Each structure stands twice: as structure tokens, then as C-alpha cells.
Amino acid sequence: MRKKIIAGNWKMNMTPTEAVKLCETLKPLVKNEDVDVVFCVPAIDIIPVAEAVKGTNINVGAENLYFEDKGAYTGEVSADMLLDAGVKYVIMGHSERREYFHETDADINKKLKKALEKGLIPIVCCGESLEQREQGICFDFVRMQLKIAFQGVSAEDAKKVVIAYEPIWAIGTGKTATADQAEEVCKAIRDLLTELYGSDTAEAIRIQYGGSMNAGNCKELLAKPNIDGGLIGGASLKPDFGSIVNYNK
Ligand code: 13P
């Protein structure tokens, strides 16, 4: 039985002061022992957020990492820096980073291997554009993204990874994939993982859905057999996030 994982992706929102306030608001609302709860926050908010959520069920996540250990990479943040600041999870390959910062599948593969080597839990994002969906290449595209991301990753390591399926057309648009559409792709992802690693490993890997998930639609999405959680943008900055975490209460 896979434990559900509900993660907020704060994106580029919240100053350190605002971040601490948001943690105080959300702390009492996100208690649910059936769910792993993660706040993925901007790099500069990691330390104050880690301090603010100490002793709670909230895990701290980062929104990105760099795949080198240290050195002349101005502006980047390493896995060791994240770990030392109290980070447990790290998002990689978000469509916004792919689009605006030109992250490639090969970069994501390097980030995935570095995170696993260091003991961070990767949240690997994938997902098609509207154009790709309309061209009928959604499954092919997502399979390609993940096949490259997982190159050289052992089955034992793959089990630790969380995958987030986020159709680009559903992100920040208010246009959620229907539960059936989301399940169809999450099932295809599980089938790919079975091809790559066998069913024991594929059944252990958690697959989230992301894209306009909110308090109103989360129950139906999270009831699907291959949807093991959510990666939530806009609604993670509001008390609504508590309702999503408590979708089963
Ligand atoms: P929204 O929930 O705002 O659509 O964002 C989803 C997302 O990109 C999470 O990573």
C-alpha cells in the first residue's frame, strides 16, 4: 500500500517573513498521519521554514538543485547545502524550469542521480503540452521524459523516487485534467516503470498528479488507483491546502 504524498510547490512566492507566517497558518491544518506532507519552498525560505515546522509532521522540500557538488556555479544550490538546511525532498524537471530556464531531460537525469546519491527524495516532474496532447503523443512524450530521467538509476534507487505527472495545460489555468485523464497517464507511467524495473519496483513508486488541484477536485483525483498524491501550486499557499491534505477525513 503506497502512502499518499501531498506536496505544495510554492514556486516564486513568499518572502522569508511571509513564509514563516504561512507555516503558522498551515501547521494546525495539515495534520494527517495517513499522508506525507511536504512544503517545497524557494531556496531563501528553506532555513526559516525548516525552523518554523520543527517538531511537526511537515517535511521541507526544495524546488530545484544543481547536480554538481560545489564550485564555480554562481547562483546554484547543491544537494549538500539543501541537506544541511533540513531539506528532505527536492523537485526537479518542473515544466516551468524546462520552459524558462531551458532544463533538459539530460540535466534532470543528472539531478536525479545526484539527489539519490546524497539521500534527498526526488520529485521528478513530467507532463505534456496541450499541443502534444492534441497531436496524440502525450504517452510517448511522458515516456521519453521519464526514460531519460531514469537512465542509469537502479531499481533499488528508483523505489525512493516520487514522480509528478503535471500536464502543462492544467498548471495554473484552473483547467484540471479530469480524474480519468490523470489516471490514464499515471497508469501509463506505472506501465513504463514496470517495463524498466519490474512490477515490484513499479508498485512501490509514488505518482502524484499536479495541475489546478484544489479542495474541490482532490478527492476524486486521489481516489484513482494510480494517483498517489498531489503536487499543488496555487492552492498550497492557502488554508485550502489543509483540506487537500485531509481529503480522506
Ligand atoms: P497549480 O496547482 O497552481 O496549477 O500548479 C501546479 C504545479 O505546477 C505544481 O508543481
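About the criteria used
Residues numbered from 1 in each chain as written. Predicted model: local features only at pLDDT ≥ 70, side-chain atom pairs only at ≥ 80, totals over all residues. Heavy atoms only, no water. Helix = DSSP H or I, 4+ residues; strand = E, 2+ residues; numbered from the N terminus. Rg over C-alpha atoms; globule rule 2.2 N^0.38 Å. Buried < 20%, exposed > 50% of the residue type's maximum accessible area, 1.4 Å probe, protein only. Contact = heavy atoms within 4.5 Å. Expected span 1.5 Å × (residues − 1). Pairing = 2+ DSSP bridges. Axes fitted to C-alpha atoms, helices over the stretch in contact; angles between N-to-C directions. Polar contact = N/O pair within 3.5 Å; in protein donor to acceptor, adjacent residues only side chain to side chain. 1 Å grid on protein atoms, 1.4 Å probe; cavity = no way out; pocket = protein on both sides within 12 Å on 5 of 7 lines; lining within 4 Å. Points joined across faces, edges and corners; volume = space filled by probe spheres on them. Nonpolar A, V, L, I, M, F, W, Y, C, P; charged D, E, K, R; others polar. Disulfide = S-S within 2.5 Å. Near = heavy atom within 4 Å. Areas by Shrake-Rupley, 256 points an atom, 1.4 Å probe, with all protein chains shown as cover.

Moving on to the overall build of the chain. In terms of helices and strands, the chain carries twelve helices and eight strands. Relative to the globule expectation of 18 Å for 249 residues, the C-alpha radius of gyration of the chain, 17 Å, shows essentially globular dimensions. Taking the principal axes of its C-alpha atoms as reference, the chain extends roughly 45 × 45 × 35 Å. Going through the 249 residues of the chain one by one, you find that 53% of them count as buried. Contacts in the chain between residues at least 24 apart in sequence constitute 74% of all its contacts with a sequence separation of at least 6.

Another point: helix H5 (residues 105-118). Here H5 is 14 residues long and its end C-alpha atoms lie 20 Å apart, about the 20 Å a rise of 1.5 Å per residue gives. Residues of H5 that are buried: Asp105, Ile108, Asn109, Lys111, Leu112, Lys114, Ala115 and Leu116. Buried residues in H5 make contact with helix H3 (79-84), strand E4 (89-92), helix H4 (95-100), strand E5 (121-126), helix H7 (138-149) and helix H8 (155-158). Backbone geometry just downstream of H5 places Gly119 in the positive-phi region, at approximately 90°.

Taken together, eight strands build a closed barrel; the order of strands is E1-E2-E3-E4-E5-E6-E7-E8 and the barrel is parallel. Pairwise comparison of adjacent strand axes, ignoring direction, gives a mean angle of 25° for this sheet. With five bridges joining them, strand E2 (residues 35-41) and strand E3 (residues 58-62) adopt parallel strand pairing. Bridge pairing in E3 links Val37 to Ile58.

This paragraph deals with the environment of Lys4. Along the chain, the position of Lys4 falls in strand E1 (residues 4-9). If sequence neighbours within four positions are ignored, Lys4 has contacts with Asp34, Val35, Asp36, Arg206, Leu222, Ile227, Asp228, Gly229 and Tyr247. At 3.3 Å, the side chain of Lys4 forms a polar contact with the backbone oxygen of Leu222. From its side chain, Lys4 meets the backbone oxygen of Ile227 in a polar contact 3.3 Å long.

A few words now on the pairing of strand E6 (residues 162-165). Across the two faces of E6 the burial is the same, with Val162 and Ala164 and Ile163 and Tyr165 all buried. Bridge count for E5 against E6 is four bridges, and the pairing is parallel. Its bridge partner lying in E6, Val124 is registered against Ile163. Pairing analysis gives four bridges linking E6 to strand E7 (residues 206-210), with the strands arranged parallel. The partner of Ala164 across the bridge, within E7, is Gln208.

With that out of the way, let us pick up the environment of Pro239. Within the secondary structure, Pro239 sits in the loop between strand E8 (229-232) and helix H12 (240-245). A sequence separation of 217 residues divides Pro239 from Leu22, and the C-alpha atoms of the two residues are 8.9 Å apart. The residues contacting Pro239, other than those within four sequence positions of it, are Thr25, Leu26 and Leu29.

Our focus in this paragraph is the layout of surface pockets. For the largest pocket, the calculated volume is near 530 Å³. Taken together, 19 residues line the largest pocket, and the ones lying closest to its centre are Met12, Glu63, Asn64, Arg97 and Phe101. Residues belonging to the lining of the largest pocket are distributed by class as follows: ten nonpolar, four polar and five charged. What lines the second largest pocket is a set of 19 residues, among which Gly172, Gly211, Ser212, Gly233 and Gly234 lie closest to the centre. In terms of residue class, the lining of the second largest pocket is made up of five nonpolar, twelve polar and two charged.

Inspection of every chain in the model, using the stated rule, returns zero disulfides. Of all cysteine sulfurs, the one in Cys125 lies closest to Cys126, which takes part in no disulfide; the gap is 7.5 Å. Cys218 takes part in no disulfide bond, and the closest cysteine sulfur to it belongs to Cys186, at a distance of 15 Å. Judged by its relative accessible area of 2%, Cys218 is buried.

Of all residues adjacent to the ligand, which total 13 residues, the nearest are Lys11, His94, Glu166, Gly172 and Ser212. Contacts to the ligand include His94, whose side-chain N or O atom sits 2.8 Å from an oxygen atom. One of the backbone N or O atoms of Gly234 is found 2.8 Å from an oxygen atom in the ligand. Protein coverage of the free-state accessible area of the ligand, which is 310 Å², stands at 95%. Across the shell around the ligand, the residue classes tally to four nonpolar, seven polar and two charged.

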